[in-house]
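# Coordinate inspection notes
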Amino acid sequence: MTRFADQPLVAVLGPTNTGKTHLAVERMCAHSSGLIGFPLRLLAREVYDRVVAIKGEASVALITGEEKIVPPKARWFLTTAESMPVSGGREGGLERDFAFVGLDEAQLSADRERGHIFTDRLLRARGREETMLLGSEALRPMLRALVPEAEVITRPRFSTLTYAGATKLSRLPKRSVVVAFSAEEVYAVAEMLRRLRGGAAVVMGALSPRTRNAQVAMFQAGEVDYLVATDAIGMGLNMDVAHVAFASLRKFDGRKVRRLTISEMAQIAGRAGRHQRDGTFGTLSFEGGSAQFEDEEVLAIEEHRMPPLDHLYWREGAPSLAGVDALIRDLERRPDHPVLRPAPEAIDLAVLKRLAEEPWVRERATGTHMVSRLWDACGLPDFRKTGAEPHSRLVARIFRHRSEGDGTLPVQWFAEELVRLESVSGDVETLSDRLAGVRTWAYIAHRRDWLAEPAKWVERTRAIEERLSDALHQRLTQRFVDRRTAVLMRDLGARGADILPMKVAEDGTVTVDGEAIGALIGFRFKADPQARHGDMKRLMAAAERRLGEELARRARALAADEDAAFSLATDPGRPVALFWQGDVVARLTRGKDLLHPRIELHRALETLPQAERKAVCERLARWLETGIARHLAPLVELTAAARDREQPAAVRALLAPLAEASGVLARRGLEPVLDALDKALRPIVARLGVRIGTLDIFLPSLIKPEASRWRVALMAAQEGATMTALPPVGAVSVSTPGDSATCAAFVAAGFRPLGAQMLRVDQVERLARNAHDSRSDGKSGRLPFAPDPGLPVSLGLGSASFQQLMLALGFRRAEQGWLWRGKPAQARPKPKTAQPRPGNAFGALAGLRL
């Protein structure tokens with residue numbers, strides 16, 4: 001924690017858009033030499049290009065983890081904070097002498113992940129003639145506590161920053177930046193902007209400088225009016241931005257999802273406005289709600305009043321290299337100043353502690369030289385964000401090579417890893433992942449003594465990164481920018497899309513301005529996949545806005561149509577749906593009970609006016625109620641009887657589980673209920689159509705094909721499952737399906753599993769009656785008998801399945817036929833292939849019947 005207290009130190013504090021970075025660059029260039037550390041590789045590269053334009057390439061150096069440009073006579077250095085050439089000696093500061101030293105975004109000393117790096121630079125990095133710290137006003141109390149000799153200068157914001165509230169994406173003002181907090185969210189917003197406004201540029205911290213610069217150039221040149229970025233945009237990247245819109249006010253910080261702090265909000269919002277041009281900030285308004293700023297947050301951001309920091313994170317910047325244990329001990333040592341807190345365990349320390357548990361690492365990491373090599377290897381950043389455990393395996397391999405032979409990595413291994421990353425094919429996500437991989441090997445190539453010919457591999461990794469960067473820029477542009485649409489948007493301007501003529505032909509073909517762009521199928525608009533018109537996205541947007549009248553007309557037609565126009569769709573693998581004139585309009589979901597599912601309109605009908613939407617729902621509900629009454633009348637009557645308090649309790653005890661199981665239920669486990677059902681009560685059950693069989697209790701009318709289809713469909717809707725295949729119409733025996741979901745659906749349809757085959761429950765009872773009638777001794781049942789072999793054959797039942805049925809019916813195999821045991825045996829377990837999986841939509845249902 002030692003620092004030089006006798007060096008001139010100036011801290012320039014203030015909100016964003018105060019020109020602090022510009023001031024630091026001017027001051028550095030006024031000195032004979034200088035160094036500035038930045039929080040981002042992208043920002044270091046941006047300022048490097050600016051200083052090169054002033055001083056020339058031969059005099060300016062750039063050092064980041066994956067990029068190192070150091071001319072022999074370089075005097076002005078631009079680096080990331082991690083790459084600042086800080087000396088390892090505790091009493092020292094920098095490895096070389098600089099007249100000027102600057103640290104940008106010094107308030108990041110309070111960041112959990114990287115704060116200890118910035119704190120170390122704040123305490124130890126000093127210039128010979130001038131040192132400048134740039135940061136937020138929130139840093140002031142920490143500077144007073146740690147470097148009281150610092151001269152603090154406050155820089156006011158040049159322009160006004162005003163809260164603009166929530167804005168829909170379709171009404172976002174031009175020159176806006178949308179800030180999201182994950183790659184998925186960035187891509188989703190950019191895709192919507194492509195459809196609505198012609199496209200957007202994309203900026204994320206994971207992009208290479210080449211890709212980022214190409215994307216920003218599109219935005220700056222006006223080729224697109226919108227930019228979607230992660231919160232990396234808040235770290236000083238300078239662009240002409242009028243408005244900043246937050247897609248969310250919550251982010252994952254590596255440990256949990258949390259709300260942004262006021263300082264983070266202000267840092268990002270402050271990108272709006274440039275020099276003396278005013279800016280605005282707000283949130284995106286989405287259907288169903290949007291993120292909202294609290295009043296005190298808005299006031300604090302507009303007035304640039306940031307909560308003061310009360311601590312900074314610290315870790316020993318020059319730990320002992322005498323041994324592995326000494327190194328870990330120093331890195332875990334607690335600070336001795338009250339405003340400093342020990343830094344949370346970073347990935348380099350986590351990897352070091354994992355490797356320290358390996359005996360071979362302990363054996364090799366002896367002496368300052370080898371411990372230094374081990375710690376150097378642990379400093380390899382986890383660019384792919386794989387986590388400490390996987391990352392430690394790569395670090396271990398590097399240290400193994402660095403601790404044997406000449407201490408360099410095998411060329412063949414390094415080259416093979418690069419070859420895997422050279423391909424420029426693939427989508428945005430694939431190329432982004434390859435770029436992260438290249439950053440790992442570029443970092444290694446830039447280490448001074450890790451490779452035998454580092455200059456060769458630096459050039460090789462740079463070339464691969466440039467090719468991947470260009471390919472990624474191309475993919476991002478293809479995916480998120482429609483140049484013709486963007487131009488058309490600007491050309492039409494205030495005229496809007498409503499002037500473009502839109503027609504819907506009788507066959508549903510939709511044309512805009514004479515250009516066929518798709519078809520209206522029912523209520524769904526489907527774009528023509530063969531269409532390649534340059535203005536397609538623009539015309540489609542116009543069509544979607546103009547189709548409202550046609551959709552409302554179709555809604556009115558649906559509400560007035562006859563029952564024959566509707567149908568219940570039970571396509572395997574898809575949700576149970578309601579069709580009108582052959583196309584989907586709604587699906588069935590879980591309702592209050594099996595016979596009363598909820599009707600959920602298709603998203604294509606969400607744009608209908610409230611009155612039309614209500615009329616559609618009411619018409620579909622009437623048709624569904626009629627269909628259930630027609631196809632499942634016995635089940636409706638059974639359910640009503642099960643709930644009728646006037647019915648005897650013994651009757652309701654049987655009817656309730658039977659109704660819940662939709663009319664087909666295994667008898668096993670219900671013997672106590674049946675025993676309570678005396679002869680006087682059984683006619684009540686019989687009048688409802690219930691048949692109490694040897695193995696199953698069922699309603700014969702409900703196992704007919706159409707009734708079974710409706711029952712299985714309503715069960716799937718109630719369970720939130722997709723529809724499965726159904727037994728063939730008219731089949732009495734089928735092969736047992738190999739998957740549990742289909743097997744359970746067959747059981748629900750009224751089929752009993754018998755090994756490799758399933759038999760309809762009414763035919764099970766037919767065979768049971770035939771077997772009992774065939775017994776040679778009707779009184780004792782002790783003589784072997786042979787059932788009629790023709791009946792199972794006529795039903796398509798194989799020998800093995802028939803034998804399993806006989807065993808289930810209470811017979812046992814004898815030498816000369818079958819013997820009666822006196823009662824049905826316990827059913828054998830189903831074959832393994834037919835067992836319902838836990839959580840399957842029909843799992844519980846299948847368990848009731850098998």
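Please read these numbers as outputs of a predicted model, since none were measured by experiment.

### Description of the overall build of the chain
Looking only at helices and strands, one finds 30 helices and 34 strands in the chain. Classification of the 850 residues of the chain by burial places 54% in the buried group. The long-range share in the chain, meaning contacts at least 24 apart out of those at least 6 apart in sequence, stands at 68%.

### Topic: the packing of helix H25 (residues 705-719) against helix H26 (residues 740-749)
Between H25 and H26, the least distance of the axes is 9 Å, while the angle of their chain directions is 130 degrees. The angle between H25 and H26 falls in the class oblique. Crossing of H25 against H26: the hand is right-handed. Of H26, the residues touching H25 (which contributes Ser708, Arg711, Val712 and Met715) are Ala745, Ala748 and Ala749. A breakdown of the residues in the contact of H25 with H26 according to their chemical character gives five nonpolar, one polar and one charged.

### Some words on the pattern of salt bridges
By the definition in use, this model includes 46 salt bridges. Between aspartate 470 and arginine 210 there is a salt bridge, with the nearest N and O atoms lying 2.7 Å from each other. You can see aspartate 470 sitting in helix H16 (residues 454-480) and its partner arginine 210 sitting in helix H6 (residues 209-220), a full 260 residues away along the chain. The residue aspartate 449 makes a salt bridge to arginine 402 at a minimum N-O spacing of 3.4 Å. Placement of the pair is aspartate 449 in the loop between helix H15 (428-445) and H16 and arginine 402 in helix H13 (residues 388-402), with a sequence separation of 47 residues. A network of salt bridges, in which partner residues are shared, links Arg210, Glu459, Arg462, Glu466 and Asp470.

### Digging into unusual backbone geometry
Excluding glycine, most residues fall at negative phi; most peptide bonds, likewise, are trans. Look at glutamate 105: it is not a glycine, yet its phi comes out positive at around 55 degrees. Structurally, glutamate 105 is set in the loop between strand S6 (100-103) and helix H3 (115-124). Residue class for glutamate 105 comes out buried when judged on its relative accessible area of 8%. Despite not being glycine, glutamine 581 has its phi angle at roughly 50 degrees, a positive value. With respect to the helices and strands, the residue glutamine 581 is situated in the loop between strand S24 (577-580) and strand S25 (583-593).

### Points about helix H7 (residues 262-269)
Since one α-helical turn is 3.6 residues long, residues separated by three or four positions face the same way. Regarding H7, the residues found buried are Met265, Ala266, Gln267, Ile268 and Ala269. Buried-residue contacts for H7 involve strand S9 (161-168), strand S10 (176-179), strand S13 (243-246), strand S15 (257-259), strand S16 (279-285) and helix H8 (295-302).

### Topic: the pairing of S10
Alternating positions in S10 separate into two faces, Ser176 and Val178 on one and Val177 and Val179 on the other, with burial throughout. Relative to strand S12 (residues 226-229), S10 runs parallel, the two sharing four bridges. Bridge pairing in S12 places valine 179 opposite alanine 229. Bridge count for S10 against S13 is four bridges, and the pairing is parallel.

### Describing the nonpolar core
Core analysis: the largest hydrophobic core is formed by 66 residues, its most contacted members being Phe523, Leu578, Leu588, Leu620, Leu632, Leu638 and Val690. Top element by residues in this core is H25. It accounts for eight residues. By size, the runner-up hydrophobic cluster in this structure holds 64 residues, among which are Leu418, Leu431, Leu472 and Leu476.

### Details of the confidence of the model for the chain
A residue-level look at the chain finds 87% of positions with pLDDT of 70 or above and a mean pLDDT of 85. Within the model, the stretch residues 490-499 combines pLDDT values under 50 with 12 contacts to residues more than four positions away or in other chains.

### Let's talk about the sheet that holds S13
Spatially, S9-S16-S13-S10-S12-S11 is the arrangement adopted by the six strands of the open sheet, whose pairing is parallel. Each having just a single partner strand, S9 and strand S11 (201-203) make up the two edges of the open sheet. Between one strand and the next, the sheet's axes are offset by a mean angle of 25 degrees, whatever the strand orientation. In the sheet, S9 pairs with S16 via seven bridges, with the strands oriented parallel.

### Digging into the sheet that holds strand S29 (residues 696-698)
If you walk across this open sheet you meet the three strands as S27-S29-S28, and the pairing is antiparallel. At either margin of the open sheet sits one strand with a lone partner, and together these are strand S27 (664-666) and strand S28 (691-692). Here S27 runs beside S29; their pairing, made up of three bridges, is antiparallel. Directly across from leucine 665, in S29, lies its bridge partner isoleucine 697. The strands that helix H27 (residues 761-773) touches are S28 and S29; relative to S29, the one it contacts most, it runs at about 130 degrees.

### Some thoughts on the pairing of strand S1 (residues 9-13)
Counted residue by residue, S1 has five buried out of five residues, so it is predominantly covered. Residues Leu9, Ala11 and Leu13 line one face of S1 and the alternating positions Val10 and Val12 line the opposite face, and both faces are buried. Both S1 and strand S7 (residues 130-135) contribute to a ladder of five bridges, which runs parallel. Residue pairing in the sheet places leucine 13 in a bridge with glycine 135 of S7. Two strands pair when backbone bridges link them, and S1 and strand S8 (residues 151-154) are joined in this way by four bridges, in the parallel orientation. Pairing of leucine 13 across the sheet is with threonine 154, part of S8.

### Observations regarding H13
Here H13 contains 15 residues, and its C-alpha end-to-end distance of 20 Å stays within 8% of the 21 Å for a straight helix at 1.5 Å per residue. In this structure, the buried side of H13 is in contact with helix H10 (347-356), helix H11 (359-364), helix H12 (367-378), helix H14 (411-419) and H15.

### Side note on the packing of aromatic side chains
Counting across every chain of the model gives 15 aromatic pairs. Arranged with centres 5.9 Å apart and planes meeting at 40 degrees, the rings of phenylalanine 523 and tryptophan 580 form a pair that is tilted. Note that phenylalanine 523 is positioned in the loop between strand S21 (515-521) and strand S22 (524-527) and tryptophan 580 in strand S24, a separation of 57 residues in sequence. Exposure class is identical for phenylalanine 523 and tryptophan 580. Each is buried. What links up through ring pairs into an aromatic cluster is the set Tyr163, Phe246, Phe281 and Phe293. Seen from the ring of tryptophan 360, arginine 400 lies directly overhead, with NZ or CZ sitting 3.8 Å from the centre.

Cut-offs used in this document
Residues numbered from 1 in each chain as written. Predicted model: local features only at pLDDT ≥ 70, side-chain atom pairs only at ≥ 80, totals over all residues. Heavy atoms only, no water. Helix = DSSP H or I, 4+ residues; strand = E, 2+ residues; numbered from the N terminus. Buried < 20%, exposed > 50% of the residue type's maximum accessible area, 1.4 Å probe, protein only. Contact = heavy atoms within 4.5 Å. Axes fitted to C-alpha atoms, helices over the stretch in contact; angles between N-to-C directions. Parallel < 35°, antiparallel > 145°, perpendicular 65-115°, else oblique. Left-handed = near helix turned anticlockwise from the far one by under 90°. Nonpolar A, V, L, I, M, F, W, Y, C, P; charged D, E, K, R; others polar. Salt bridge = Lys/Arg side-chain N within 4 Å of Asp/Glu carboxyl O. Pairing = 2+ DSSP bridges. Core = buried A, V, L, I, M, F, W, Y, C linked by side-chain atoms within 4.5 Å. pLDDT = per-residue confidence, 0-100. Expected span 1.5 Å × (residues − 1). Phe/Tyr/Trp six-rings, centres within 6.5 Å; stacked < 30°, edge-to-face > 60°. Lys NZ or Arg CZ within 6 Å of the ring centre and 35° of its normal.

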